[in-house]
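Residue-level structure breakdown
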Amino acid sequence: MKRHVAARHVTGIIAILVSAILFLVPFGFIVVQTFKTGPEAARLDFGLPTQFVFFDNVAKVFETRDFMLVTAFINSTILTVLSVSIMVVLSAMIGWVLARRPSRWNGLISFLILAGLIVPPAIVPTAWVMQRLGIFNTIGGLALVEVAYGMAFCILLFRAFVSTIPRELDEAATIDGAGPIRLFFRIGFPLLRGVIVTAIVVQSVAVFNDFANPLYFLPGERNATVQLTLYNFQSQFQTTWNLLFTNILLITIPPLLMYIFFNRQIVAGLTSGAVKG
Amino acid sequence: MATLAPPLQKNELAKTSNLKRPRRYAHRMYPHWFLLPGAAIYTVLFIAPTFASFYFAFTRWTLFDVQFIGFDNFVTFFTDPQLSKGFTNTLIYGVLTSGLKVVLGLLLGVLLTSNILARGYLRAVVFFPVLVSTVGVGITFQALMDPFDGAINRTLAIFGIEGPGWLTDPTLVLYSIIAVDVWKGVGLAALIYMAGLVAIPRDYYEAARVDGAGAWDNFRHITLPLVRPATTTVVILSLIGGLRSFELIWAMTGGGPGFSSDVVASVIYKQYAAGFYGLSTAGNVVLFVLVSAIILPLFLWLNRKQTDL
């Protein structure tokens, strides 16, 4: 038994050391650079800063290019809130009907949902369709694209959960005279609360961290989202490392807060396919 | 998820109402128009462009006009070494990231569900990179992997080892990016494995212990077959992600040096940015065919095996 305890401590300590080197050091590196002045950060080492200029760096990052980061935070917030709320409501409606009402179309619909998870989006044709509709390079247009790309995941999550809610509740509500809309929003939606929080958290982090889609469908400085601001401090000739790492730190705060407060929901959402049944 | 479900009440009332539920009831209470708003967005912005890509891939398409040119784009794609390099790189990238995430994810999953010290801390630390912006991670490792000033090579220098040019050596660059991709994504794989591992009933291990099975037997004959659903999820998810990967590569090297770390997704973006819309769309079709040709058979095969158990 004693040998067992010792072995447990040894593996534990090794794991803690290895994880610290592999996972904490890169984040520590980011944090240390944000404290430094430009020339010191450019050395890219772990040396401690001689002057502590973290707050100057934060101020400078915000001021760069006419407060572009502020605009970007506003843009990203609008994009995230808009796309995630549309995505969640529409996917919940779809998941609700698909789980409650089996029909001969269900096979085709399931196929289309799986396709949404697998098929890489066609970029130029999507931009072309958006241009035709007059929504290219608008935040609303990009939000709809995010909805289209994120919906498949949400529908699968909702459909699986709806099928575990007993139908008797629906029937009771119907007897009390509820119509389909009231039934869904008054009975279905509240019962789905747990899984809705999961969908909101997972998709918010995904949309907020999205770099590729804003790059394709929302070009231009005025419309920059937070991920694109990272390129403010990096050019072909010179990189302002201290400001760049400060920027990385600032845009990591929202996902970090999500992780701290909604850890359980994130885990539930991301592991929903892992256990059979 | 299933464990969150309230227990189904199998009383008499439920049975009768189940039998008597008329079709019209379903029509009225769960109307098909609930599907319409979502379906409209999905069709216009995802399905229609996907179908359109099969036409535009065969055209010379610029800002000004569209001209049908047959298979020329595909010929260019596979004969131009700059572009075909992206194709082989995509395969290497997808297969390696997926394989490494399965192996390391399972190892971490076993470790983090065992009775290890500081389990909560370890789980948090391993999972956190999943939530950090890919571009941020890419830029950070670009700095760490700098051949002269980077922390990795400086640390190696302390031990007298001359570190390679992680991102400047054309033969090495793709593997360096793969390593960072695994670093960022292995937490998700471990998380999925953890959910699969805790669902295995303890009794099996008890019974095996009575029969005199060792740790390796347990792993080989109980754990491995029973985490199969988790393995399927990890393989499929990481292959889809790996084959479509763009952001990390773009942030770390932009496909360089030269074209040595280009993948199909970065070629698509480069051609789009350069205004060669037809060629870019052909790249999209190539990626579509590649992903479908790998994922669909694999998905069916892995699921068939699952029902055999």
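Residues numbered from 1 in each chain as written. Chains lettered and ligands numbered in written order. Predicted model: local features only at pLDDT ≥ 70, side-chain atom pairs only at ≥ 80, totals over all residues. Heavy atoms only, no water.

Helix and strand counts for chain A stand at twelve helices and zero strands. Taken from N to C terminus, the helices and strands of chain A fall in the order α-α-α-α-α-α-α-α-α-α-α-α. Relative to the compact-globule value of 19 Å for 277 residues, chain A shows a C-alpha radius of gyration of 24 Å, a clear excess of over 25%. Counting all 277 residues of chain A, 53% fall into the buried class. Sequence separation of 24 or more characterises 72% of the internal contacts of chain A that already satisfy a separation of 6 or more. Of the roughly 12800 Å² of accessible surface on chain A, a fraction of 68% belongs to carbon and sulfur atoms. Between the centroid of the 19 positive side chains of chain A and the centroid of its 12 negative side chains there is a distance of 12 Å. (Helix = DSSP H or I, 4+ residues; strand = E, 2+ residues; numbered from the N terminus. Rg over C-alpha atoms; globule rule 2.2 N^0.38 Å. Buried < 20%, exposed > 50% of the residue type's maximum accessible area, 1.4 Å probe, protein only. Contact = heavy atoms within 4.5 Å. Areas by Shrake-Rupley, 256 points an atom, 1.4 Å probe, with all protein chains shown as cover. Lys, Arg positive; Asp, Glu negative; His and termini not counted. Charge placed at Lys NZ, Arg CZ, Asp CG, Glu CD.)

Below, the discussion takes up the overall build of chain B. Tallying secondary structure elements over chain B gives 15 helices and two strands in all. For 309 residues, the compact-globule estimate of 2.2 N^0.38 gives 19 Å, and chain B exceeds it by more than 25% at 25 Å. With the C-alpha coordinates aligned to their principal axes, the bounding extent of chain B is approximately 70 × 65 × 30 Å. For chain B, the residues scored as buried account for 49% of the 309 residues in total.

Below, the discussion takes up the nonpolar core. If you look at the biggest cluster of nonpolar residues, it comprises 176 residues, and the most contacted ones within it are F158, L192 and F217 of chain A together with Y272 of chain B. Ignoring anything within four residues of it in the chain, the contact list for F158 of chain A reads V88, S91, A92, G95, L192, V195, I196 and A199 of chain A. (Core = buried A, V, L, I, M, F, W, Y, C linked by side-chain atoms within 4.5 Å.)

Helix 7 (residues 134-144) of chain B sits mainly inside the fold: ten of its eleven residues count as buried. Among all positions of helix 7 of chain B, only T134, V135, G136, V137, G138, I139, T140, F141, A143 and L144 of chain B are buried.

With that out of the way, let us pick up the packing of helix 12 (residues 241-270) of chain A against helix 7 of chain B. The N-to-C vectors of helix 12 of chain A and helix 7 of chain B enclose an angle of 145°; their axes lie 10 Å apart at closest approach. Crossing hand, helix 12 of chain A versus helix 7 of chain B: left-handed. Contacts between helix 12 of chain A and helix 7 of chain B involve W241, L244, F245 and I248 of chain A from the first element and G136, I139, T140 and A143 of chain B from the second. For the contact of helix 12 of chain A with helix 7 of chain B, the residue count by class is six nonpolar, two polar and no charged. (Axes fitted to C-alpha atoms, helices over the stretch in contact; angles between N-to-C directions. Left-handed = near helix turned anticlockwise from the far one by under 90°. Nonpolar A, V, L, I, M, F, W, Y, C, P; charged D, E, K, R; others polar.)

Moving on, we come to helix 4 (residues 72-79) of chain B. What helix 4 of chain B keeps buried is the set N73, F74 and F77 of chain B. Each buried residue of helix 4 of chain B lies within a common arc of 95° when the element is viewed along its axis, so the set occupies one face. (Arc of directions from axis to C-beta.)

A cluster of nonpolar side chains, contributed by L96, L100, V103, L104, L107 and Y175 of chain B, occupies part of the molecular surface with about 510 Å² of accessible area. Here the element with the most residues in the nonpolar patch is helix 5 (residues 81-113) of chain B; it accounts for five residues. (Patch = residues over 30% accessible without salt bridge, like charges linked within 9 Å, V, L, I, M, F, W, Y side chains within 5 Å. Salt bridge = Lys/Arg side-chain N within 4 Å of Asp/Glu carboxyl O.)

Attention now goes to the interface of chain B and chain A. Between chain B and chain A, the contact holds 93 residues from the first and 104 residues from the second. Between chain B and chain A lies a buried interface of about 8800 Å² when both sides are counted; carbon and sulfur atoms form 75% of it. At the boundary of chain B and chain A, one finds zero salt bridges. Our count for the contact surface shared by chain B and chain A stands at 17 residue pairs in polar contact (both at pLDDT 80 or more). (Buried area = accessible area lost by both parts, 1.4 Å probe. Polar contact = N/O pair within 3.5 Å; in protein donor to acceptor, adjacent residues only side chain to side chain.)

A word on the packing of helix 4 (residues 106-118) of chain A against helix 6 (residues 139-162) of chain A. Residue and element names in this part refer to chain A. As a packed pair, helix 4 and helix 6 sit with axes 8 Å apart at the nearest point and diverge in direction by 130°. What the angle tells us is that helix 4 and helix 6 run oblique. Packed against helix 4, whose contacting residues are S110, I113, G116 and L117, the element helix 6 presents A152, F153, I155, L156 and R159 at the interface. The class makeup of the residues in the contact of helix 4 with helix 6 is six nonpolar, two polar and one charged. (Parallel < 35°, antiparallel > 145°, perpendicular 65-115°, else oblique.)

What follows concerns the confidence of the model for chain B. Residues and elements named next belong to chain B. When pLDDT is averaged across chain B, the result is 85; 91% of the residues are at 70 or more. Of all the helices and strands in chain B, helix 1 (residues 12-20) carries the lowest mean pLDDT, 45, while helix 3 (residues 36-56) carries the highest, 94. Across residues 1-19 the pLDDT falls below 50, and counting only partners more than four positions away or on other chains, this stretch makes 13 contacts in the model. (pLDDT = per-residue confidence, 0-100.)

What follows is about the packing of aromatic side chains. Centre distance and the angle of the planes are the two values used to describe a pair of aromatic rings. All told, the structure shown has 46 aromatic pairs over all chains when counted by the stated rule. Each ring, one from F27 of chain A and one from W183 of chain B, has its centre 6.0 Å from the other, and the planes form 35°; the classification is tilted. Of this pair, F27 of chain A sits in helix 1 (residues 2-34) while W183 of chain B is found in helix 9 (residues 173-198), placing the two residues in two different chains. Just as F27 of chain A is buried, W183 of chain B falls in that class too. On the basis of an interplanar angle of 80° and a centroid distance of 5.6 Å, the ring pair of F184 of chain A and F34 of chain B is categorised as edge-to-face. (Phe/Tyr/Trp six-rings, centres within 6.5 Å; stacked < 30°, edge-to-face > 60°.)

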